[in-house]
Amino acid sequence: MERIFSGVQPTGSLHLGNYLGAIRNWVRLQDDYECLFCVVDLHAVTVWQDPDVLKANTRHVAAAMLAAGIDPKKNIIFNQSQVPGHAELAWIFNCVARLGWLNRMTQFKEKAGKNKENASVGLYAYPNLMAADILLYKGTHVPVGEDQKQHLELARDIAQKFNNDFGVEYFPIVEPLIFGAATRVMSLRDGTSKMSKSDPSELSRISMTDDADAIAKKIRKAKTDPAALPASPKEFDDRPEAANLMGLYAALSDCEVEDVCKQFGGSEFSTFKQALADLAVEKLGPVQDEMRRLMADPAHVDGVLADGVARARAIAEPVLAEVHDIVGFLRPQGK
Ligand code: AQP
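In this report, the structure presented in the accompanying data block is examined. This structure is a prediction, so every number in the text was calculated from the model and none was measured.

Criteria and thresholds
- By convention here, each chain's residues receive numbers from 1 onward along its written sequence.
- For a predicted model such as this one, the threshold for reporting local features is a pLDDT of at least 70, and the threshold for listing and counting side-chain atom pairs is 80 or more; totals across whole chains, interfaces and linings nevertheless cover every residue.
- Heavy atoms throughout the structure, all of them, feed into the side-chain values; hydrogens and water do not.
- Helix numbers and strand numbers start at the N terminus; a helix is a DSSP run of H or I with at least 4 residues, a strand a run of E with at least 2.
- It is over C-alpha atoms that the radius of gyration is taken, and the globule rule equals 2.2 Å times the number of residues to the power 0.38.
- The cut-offs for exposure are 20% and 50% of the maximum accessible area for each residue type, with area from a 1.4 Å probe on protein chains only; residues under the lower value are buried, those over the upper are exposed, and the others partly exposed.
- The term salt bridge refers to a side-chain nitrogen of Lys or Arg lying within 4 Å of a carboxyl oxygen of Asp or Glu.
- Aromatic pairs are defined between Phe, Tyr and Trp rings, using the six-membered ring for Trp, whenever the two ring centres lie within 6.5 Å; interplanar angles under 30 degrees are classed as stacked, those over 60 as edge-to-face, and all others as tilted.

### A few points about the overall build of the protein chain
Thought 1: Along its length, the protein chain carries 13 helices and 5 strands.
Thought 2: Relative to the globule expectation of 20 Å for 335 residues, the C-alpha radius of gyration of the protein chain, 21 Å, shows essentially globular dimensions.
Thought 3: Along the first, second and third principal axes, the C-alpha atoms of the protein chain reach 80 × 45 × 40 Å.
Thought 4: When the 335 residues of the protein chain are sorted by exposure, 49% land in the buried category.

### Structural notes on the pattern of salt bridges
Thought 1: In this structure the tally under the stated criterion is 16 salt bridges.
Thought 2: The closest approach of N and O atoms between Lys218 and Asp210, which form a salt bridge, is 2.7 Å. Here the two residues Lys218 and Asp210 agree in accessibility, since each one is buried.
Thought 3: Salt-bridge contacts for Asp325 lead to Arg331; the nearest nitrogen and oxygen are separated by 3.5 Å.
Thought 4: A relative accessible area of 52% places Asp325 in the exposed class.
Thought 5: One connected set of salt bridges, linked through shared partners, spans Glu202, Arg205, Asp210 and Lys218.

### Side note on the packing of aromatic side chains
Thought 1: Applying the stated criterion across every chain, the model contains 13 aromatic pairs.
Thought 2: Summarising the aromatic geometry, the rings of Phe93 and Phe171 are spaced 5.7 Å apart at their centres and angled 75° between planes, so their arrangement reads as edge-to-face. Taken as a pair, Phe93 in helix α4 (residues 85-96) and Phe171 in the loop between α8 (149-166) and β5 (175-177) lie far apart in primary sequence, 78 residues in all. For the pair Phe93 and Phe171, a shared accessibility class is recorded, and that class is buried.
Thought 3: Considering the side-chain rings of Tyr249 and Phe272, the 5.7 Å spacing of their centres and the 40° angle between planes classify their relative orientation as tilted. Here Phe272 lies in helix α12 (residues 269-295) and Tyr249 lies in helix α10 (residues 240-253), a separation of 23 residues in the sequence.
Thought 4: Residue classification places Tyr249 among the buried residues on the basis of a relative accessible area of 11%.
Thought 5: Residue classification places Phe272 among the buried positions, given a relative accessible area of 0%.

### With respect to unusual backbone geometry
Thought 1: The phi dihedral of Lys138 falls on the positive side, at around 50°, and the residue is not glycine.
Thought 2: Along the chain, the position of Lys138 falls in the loop between α7 (121-135) and β4 (141-143).
Thought 3: A positive phi is found at Asp254, a non-glycine position, where the angle reads about 55°.
Thought 4: Here Asp254 lies in the loop between α10 and α11 (257-264).

Below you can see the structure in the form of structure tokens.
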């Protein structure tokens, strides 16, 4: 069976973008692939995290995966730091990847901003760790958002170079799985920047822990423009906020944006926002209720993660042993 690896960083409260762009799609993959879903805490610490908050966020992300419908028996749900092979293989990949490759990564430039001298080395080498995450399990497919496509290309280059350097056909060349609807949910305050956990404005995102009132308020306050709603996606040019809100409606109701335009074209934003808020509350409510129930039972969530860690290690350890042999690390035999 083909194997999928995918992860979410425990860097804050999950939002609608993480749900529609990632977790909801993962639920749909679990029947067709062998899946590892990872809370990528090693990635999270590329930017400083409060230790207690990081632990709480790790449980929060695991709870979101479970609440969304990922079956922990069928799939492996675990946190990255507890499988040492991720960091070990990332080191080997630090020695395979070229500086020039990493210098081209646009996400580092965006996240480091103007002060890149002050960014952590980990943030710079982040794509090498992502390659290790996938290849430690010889993953064949990775569901990625638009923003991760470049990193996945790098994982393919690393696998190829490792195979060439050592004259082996060891690592698979990973294929992306890109989902159509809502691959990129944008900020409610600015339709040109992505909805993000680290955006300082709470009003920019719908958090998976927001209650119905908070969801309705954020949608009501979402930035719009003065014109009536477009009757076709062709009219989305220069109207990023309308495109984003109508795209959200389409993703939440599992229909095409064209249909949303047909239904609401010509209406006032206020009417549409009310319908969008009602829909968001209806669709997110059951997942949020289940998340709250799970968050009140941390022992259960920890049990799921511990089981996942053991199963992930069982796959990773033989792969790492083979990589050691390929690279030439001596395993001394004691008496
Ligand atoms: N706005 C988004 N629209 C669609 N998909 C999104 N994802 C993130 N934001 C959006 C997808 O969610 C998965 C997990 O993302 P992540 O937590 O590993 O990192 P990220 O992409 O950096 O997410 P954030 O929310 O923007 O976090 P911060 O602010 O900490 O950097 C990925 O599949 C991602 O594509």
